[in-house]
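# Residue-level structure breakdown
Spelled out, the chains give:
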Amino acid sequence: MHKVVLCLDCGPWMEGPLVRRRTDLEDHLASFVYEYTSNQEIPLSKQLLKMSKQQRSAALSTITKNILNKDGSPHARAFEAHLKRLLGTRRRLGIQALQELKETLVGAVVTVIWFRDDGMSATAGVVARSVDDFIQRFDVGGFSVDEVAEKWEANRTRAPPPLWPTLLQELPEQGADVRVVLLSGAEGTETAPRTCAAAACAMALQAEMTRTEFFLCSLSLGLVQTQRLEHLEELCAWGGGLSYQIVGPEDLHPAVEAVQAHFLSEARTRAERREFYAAKQTAGTAQLGLPSPAASRAEIARVLASVAAASSLPAMDFCTPATVVLPVLADVEFTPHRRWARSLRMWRDLRGLRDCCFGDNGGLGVELDEPSVGEGSWRVRNTHPPASALKLKNGSALVAINDGRIMRQSYKNEIAERTAPRPVVLTFRHPGPLPSPTTRDAAMALAEAIVARVREGKITPLASPFPKPPVEAPSRSSGLEELGWGGSEGDWVDALPPALREAYGNRIRGDSAIARNPAVLHEVLLWCGSVADAARAARVCQLWRVVTSEGAVHPPVWTHRRWPPRRLWTRLLRQPGAVPAGCRPGFWRWCCPTTVATCPHPTTAAAVADSCAVEDARGLGESLAYDGGSAAGIPLAAAVCDRLSQPSGIPAGELAALLLKLEDLRAMWLLAGPSSVAWWRTTLFQFHRAFSAFRPLVYKAWHAEAAAVDKHFVFWLLTLFTEANGLAEGDLLRMLDMFLFERSPKVFFRVTLAAFASAGEGPLKGKEMDEVVEKLVGGLSAGTIPEEEVVDRGLRVKVTRSMLAHAGS
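Residues numbered from 1 in each chain as written. Predicted model: local features only at pLDDT ≥ 70, side-chain atom pairs only at ≥ 80, totals over all residues. Heavy atoms only, no water.

## Focus on the overall build of the protein
Quick note on the threshold: Going along the chain from the N terminus, every DSSP run of H or I of four or more residues is numbered as a helix, and every run of E of two or more is numbered as a strand. Working definition: with a 1.4 Å probe on protein chains only, accessible area under 20% of the residue-type maximum means buried, over 50% means exposed, and in between means partly exposed. Accessibility throughout is a Shrake-Rupley quantity obtained with a 1.4 Å probe, and a residue counts as covered only by protein chains that appear here.
Secondary structure summary: the protein contains 35 helices and twelve strands in total. When the 809 residues of the protein are sorted by exposure, 56% land in the buried category. For the protein, the accessible surface area stands at approximately 34,200 Å², while carbon and sulfur atoms represent 51% of it.

What follows is the structure in structure tokens.
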């Protein structure tokens, strides 16, 4: 018994007329116009009879033009309905294909996955939609075409999750035989070349780890671009399956019969298909660049890195609201948990975007100019009520309707249909040429999507904060007990656990004072205040190395929080100037050792992609599959590495390998698959806990005004505070010194909370929300804290592990 996974496209392309030839439109247009204008039940026919011959000819020309332009007029809608009745739709053809496959499907365990093969925003990876609502399961003998057709109809207006990550979740955990059948219009992002390449790498890794045998077949419905068909044919050959194009009912039976025969064929037949693709790779005619059928994990990682390295900001869409952001912008009831929508609109306005929500039925009052030859966007010509009350500037470009992008080739009827439901959100860009997205745009777009994902997941700020913790400045001399050595008497080795006593006791010989009580040496090193002195002390002898640096970066897990060398270095890094500029490259390499420095890369983005593929290839593959073959975190991480390369003294490529070695940073830049969203959920919980514990009154004041300051924290964190204009370069490097050693975002919490607490309630009194949001985005200190005191004040903020212990629960 085998398992079959049906992937059915419920996107808008499947609802269009099933045009079999490019000339079908012209063939049926003349007869339709004649019948339409001759119908006595239509008022237009009576008007035409009263016109002169010249007027009638001009009216018929206008009607024909409206139909060809698909402007949403009654004539265009009637012609589209006429074509659907006459030719059918792709969805109807897909149901007929399932009827043909029913005999084979009844004898298998069937899982149906719904997806939409259309456009995808650059923040799609942040959205973790419910998968169960878009999956149908049938046991052996239980498959029903009628139930599938009913579900298909219900999912036409819904937004399912991306296809390939859902498919990966449905692959069995242990060895099994899985057949995957893809029915789609092959017009959108899910079947784009880069998405297919990333999905193939992720599926190959999944199959290699679980010993799962699978093969993939594709049935493309309707007219499809030749190049897209070639890409699907390569993907299916790589997966040991077949790919067919079904233009009309006459092509249905031969294609389905071939797929059925392939379903029941022996494994040798599927192996021949994989050998065919391997031969294309050898001949150099393969276009997708997929891993070879027998590729090792290292080869798959290299292919995945090459796909990810092509991610670039100019090719990404940061204007369209993420699916999780849209309900916040479309909320017309002013519900309490969405009061932060006002600050969200201000936040998007800083990126040059204006979101207008219309909740009442009737006209919008917006007149649009069609795209001209030199201008590629629909622009506002004039406004009337109700849109005139929004003070929308003439010349603003319409870039999105709800969560769908408006392109130059969008038709009038498409715009009319998408603006018909209520509420509807129209996104405009400010007048002027459309600029290419920058690193700042990417970070702000990801920040709003992440915060919306956490808040819309019913994660609310804490109502009962912890008691205010002590805020004491750290002493330069920490004391013996502070270093975790216990008292000043006796042999410290005797206080260690048995395993550590055996490991370290034999390496310390002699009865010197340092061997009995190393805290004296630690006191001296703390007064010196430099990691260079601590490194020199570790070279004196084996005893000094054990008590000063052994296990400082990676302490034994059972003593992680109180391992003395780690406590020494943690307190040492609190001192100003603890890491001299000349020592910083060596210190960072010591904290995060990597061997990628010997492997040069053409760009920093390629180094980022390669590092992610080496550290977590599966997570990177799932992230790319979520985001349509591109990951906004890759160019964002590359920009941060380029920005930090010169002040840190480390080449950008090596710095990328060094930073991406940390799992926290991979999750922060959304390059760790589904676990990235979970990491952000925990981090924002911790941020709210720390804020409410540190300054309860300030926290309540910000929350009462629905300022949603966590957007600013996420924005600064995504850029590693390189976009925080209140932070000096030396303080930035000092923060990163502590972060790379401790591998904990607590230092970022401290600095952010110090900035917010210093701002206090002042920015909220007597000022508009747009001023508050713009002031916080403009600088970390919000104009109230001296630049040279940002980190020092942050280090006085007490953020403990116990304070954050239950943040993720």
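On we go from here.
## Topic: the sheet that holds strand β1 (residues 3-9)
Selection rule: Strand pairing is assigned whenever DSSP detects at least two bridges linking the two strands. Lines fitted to C-alpha atoms define the axes here, with helix axes fitted over just the stretch in contact, and angles between the N-to-C directions of these axes take values from 0 to 180 degrees.
The strand order across the open sheet formed by six strands is β3-β2-β1-β4-β5-β6, and the pairing between neighbours is mixed. Both outer strands of the open sheet, β3 (135-138) and β6 (243-246), are each paired with one neighbouring strand and no more. Pairwise comparison of adjacent strand axes, ignoring direction, gives a mean angle of 15° for this sheet. Where β1 meets strand β4 (residues 177-184), six bridges bridge the pair, whose relative direction is parallel. What sits directly across from L8, in β4, is L183.

## Some points on the nonpolar core
Applicable threshold: By nonpolar core we mean a set of buried residues, namely Ala, Val, Leu, Ile, Met, Phe, Trp, Tyr and Cys, connected to one another through side-chain atoms within 4.5 Å. Any pair of residues with heavy atoms lying within 4.5 Å of one another is described as a contacting pair.
Of all hydrophobic cores here, the largest spans 168 residues; its most connected members are L659, W669, W680, L718, L720 and F748. Setting aside residues no more than four positions away along its own chain, W680 makes contact with I450, V454, A667, M668, L670, V714, L717 and L718. M14, L18, L105 and V181 belong to the second-largest nonpolar core, a separate cluster that totals 33 residues.

## Comments concerning helix α12 (residues 297-309)
The cut-off we apply is this: Helices are assigned an expected span. That span is 1.5 Å times one less than the residue count.
The end-to-end C-alpha distance of α12 is 18 Å, a good match for the 18 Å that 13 residues give at a rise of 1.5 Å each. Listing the buried residues of α12 in full gives I300, A301, V303, L304, A305, V307 and A308. Residues of α12 that are buried sit in contact with α8 (193-210), α24 (604-615), α25 (617-626) and α26 (633-648).

## Quick word on the packing of aromatic side chains
Convention followed: Note on aromatic contacts: the rings of Phe and Tyr and the six-membered ring of Trp form a pair at centre separations within 6.5 Å, being stacked when their planes are under 30 degrees apart, edge-to-face when over 60 apart, and tilted otherwise. Two conditions define a charge sitting above a ring: the NZ of Lys or the CZ of Arg must be within 6 Å of the ring centre, and it must be within 35 degrees of the ring normal.
Throughout the structure, instances matching the rule amount to 17 aromatic pairs. Put simply, the rings of F687, F691, Y699, F713 and F749 touch in pairs and so form one group of aromatic residues. The ring of W340 carries R455 above its face, with NZ or CZ at 5.2 Å from the centroid. The residue whose ring lies beneath R566 is F741, and the NZ or CZ to ring-centre distance is 5.0 Å.

## Some remarks on the pattern of salt bridges
Rules: A side-chain nitrogen of Lys or Arg and a carboxyl oxygen of Asp or Glu constitute a salt bridge if their distance falls within 4 Å.
Taken as a whole and assessed by the stated rule, the structure comprises 19 salt bridges. When the shortest N-O distance is used, the salt bridge between E742 and R574 registers 2.8 Å. Placement of E742 in helix α32 (residues 729-742) and of R574 in the loop between α22 (564-572) and α23 (584-591) is noted, with a sequence separation of 168 residues between them.

## Here we look at the environment of A298
As for its position among the elements, A298 is in helix α12. Judged by relative accessible area, A298 falls into the partly exposed class, the value being 46%. Spatially, the C-alpha atoms of A298 and V614 are 7.8 Å apart, while their sequence positions differ by 316 residues.

## What about the pairing of strand β9 (residues 378-383)?
One ladder, built from four bridges, connects strand β8 (residues 366-369) with β9; its direction is antiparallel. By the bridge assignment, V366 is partnered in β9 with T383. Pairing analysis gives two bridges linking β9 to strand β10 (residues 397-401), with the strands arranged antiparallel. In the sheet register, W378 faces β10, and the bridge partner there is L398.

## Some details on the environment of D177
Inspection of the secondary structure puts D177 in strand β4. Among the residues examined, D177 registers a relative accessible area of 25% and is labelled partly exposed. Remark: the alpha-carbon pair of D177 and E213, spanning 36 residues in sequence, is separated by 4.9 Å. Among all residues touching D177, those that are not within four sequence positions of it are H2, K3, E213 and R270.

## Structural notes on unusual backbone geometry
The omega torsion across P385 and P386 is 10°, close enough to zero to call that bond cis. Locating P386 in the fold gives a position in the loop between β9 and β10. The residue after R422, namely P423, is reached through a cis peptide bond having omega -5°. In this structure, P423 sits in the loop between α15 (412-418) and β12 (424-429). Despite not being glycine, L720 has its phi angle at roughly 50°, a positive value. Looking at where L720 falls in the secondary structure, it is placed in the loop between α31 (710-718) and α32. For L720, a relative accessible area of 1% gives the class buried. Not every positive phi belongs to a glycine, and F721 is a case in point at roughly 65°. One can find F721 in the loop between α31 and α32.

## Focus: the environment of Y36
Within the secondary structure, Y36 sits in helix α1 (residues 24-38). Put simply, Y36 and A78 are 42 residues apart on the chain and 8.6 Å apart in space, counted from C-alpha to C-alpha.

## Examining the state of the cysteines
In protein chemistry, a disulfide is the covalent bond that joins the sulfur atoms of two cysteines. Worth spelling out the cut-off: Whenever a pair of cysteine sulfur atoms sits within 2.5 Å, that pair is classed as a disulfide.
Inspection of every chain in the model, using the stated rule, returns zero disulfides. Distance from the sulfur of C591, which forms no disulfide, to the nearest cysteine sulfur (C592) is 6.0 Å. By relative accessible area, C591 is classed as buried at 0%.

## Quick word on the side chain of S645
Tracing the chain through its elements places S645 in helix α26. Non-local contacts of S645, meaning those with residues more than four positions away in its chain, are made with I650, P651, A652 and L655.

## Focus: helix α4 (residues 74-87)
Formally: Taken from the helix axis, the directions to the C-beta atoms give the arc we talk about.
Its 14 residues give α4 an end-to-end C-alpha distance of 20 Å, which sits within 8% of 20 Å, the value for a rise of 1.5 Å per residue. Among all positions of α4, only H75, A76, F79, H82, L83 and L87 are buried. What you see down the axis of α4 is that its buried residues fit within an arc of 120°, all on one side.

## So, the packing of α26 against α32
Threshold: Working definition: roughly parallel below 35 degrees, roughly antiparallel above 145 degrees, roughly perpendicular at 65 to 115 degrees, and oblique for all remaining angles. Here the term charged refers only to Asp, Glu, Lys and Arg, the term nonpolar to Ala, Val, Leu, Ile, Met, Phe, Trp, Tyr, Cys and Pro, and the term polar to all other amino acids, Gly among them.
At a minimum axis distance of 11 Å, the contact between α26 and α32 shows a crossing angle of 100°. It follows that α26 is roughly perpendicular to α32 by the angle criterion. Of α32, the residues touching α26 (which contributes L644, P647 and S648) are E729, L732, L733 and L736. Looking at the contact of α26 with α32, its residues break down into five nonpolar, one polar and one charged.

## Overview of the packing of helix α29 (residues 675-694) against α31
Counted only if it meets this: Each crossing is labelled by how the near helix is turned from the far one, with a counterclockwise turn of less than a right angle marking it left-handed and a clockwise turn marking it right-handed.
The contact between α29 and α31 brings their axes to 11 Å, and the two run at 125°. Classified by the angle their axes make, α29 and α31 are oblique. Helix-helix and strand crossings are classified by hand; for α29 and α31 the assignment is right-handed. Facing α29, whose interface residues are W679, W680, T683, L684, F687 and H688, α31 presents D710, F713, V714, L717 and L718. Broken down by class, the residue content of the contact of α29 with α31 amounts to eight nonpolar, two polar and one charged.

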